[in-house]
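An overview of the molecular structure
So the chains spell out like this:
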Amino acid sequence: MPINEPNGKQASFPQPEGLTLRSLTMEDVPAMLALQDQVMAALEDPSWYYPSEEWEFASAVEAGEAWGYFDGDTLAGFAEMTPGEARGEHSYAAKLGLPVEHSFDFHDVMVAPAMRRRGVQSAFLAMFTAFARESGATAMYATVDPGNGASWRNFERFGYQVVTTMPAYDGRMRRFYRLSLENE
């Protein structure tokens, strides 16, 4: 399905069956918060995810950094991809002491429990990797709780490598992942 990439170009990406993709708007922020609550309630361990606040979702939406898959009018999953330069010292690259320039952070990935195992996170990984390459990025970063095997295995299948495991956010342990986009 053709969509507008964050850089405004038209692109086509495979989508999970029966779902449609679009960039999120301010009207979607309440659905993002509701989906976050639903996902956290269904987690084996809620500490696997550090919840975002409404203003954080609104900021990502306003910047054009948030995308969602929909089942009809229902938000089935969303994710955000933010340039490292926009996050500055809060970027994952900066936290690792690596160059922030030409990097992106993949974050706030939420998939409704009823939509899991349909390829939603994988579709976001493929789409954001393509966007980052097109934008001239040299690396993408993500963090995942060490106990959240379903998520970190998916990142590893896409070529992300663990850089380190260390405390993040409010002291929660996180695997910091990096996907090199150089020389590809």
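A few points on the structure. (Residues numbered from 1 in each chain as written. Predicted model: local features only at pLDDT ≥ 70, side-chain atom pairs only at ≥ 80, totals over all residues. Heavy atoms only, no water.)

We now examine the sheet that holds strand 6 (residues 103–111). One open sheet accounts for seven strands, arranged 3-4-5-6-7-9-8; its pairing is mixed. Strands with a single pairing partner mark the edges of an open sheet, and in this sheet they are strand 3 (20–23) and strand 8 (161–168). Direction aside, neighbouring strands of the sheet carry axes that sit 25 degrees apart on average. The pairing of strand 4 (residues 66–71) with strand 5 (residues 74–83) spans six bridges and is antiparallel. Within the sheet, the bridge partner assigned to Gly68 lies in strand 5 and is Phe78. Against the sheet, helix 1 (residues 29–42) touches strand 4, strand 5 and strand 6, its axis set at about 100 degrees to strand 5. Helix 2 (residues 54–62) rests against strand 4, strand 5 and strand 6 of the sheet, and its axis sits at about 75 degrees to strand 5. (Pairing = 2+ DSSP bridges. Helix = DSSP H or I, 4+ residues; strand = E, 2+ residues; numbered from the N terminus. Axes fitted to C-alpha atoms, helices over the stretch in contact; angles between N-to-C directions. Contact = heavy atoms within 4.5 Å.)

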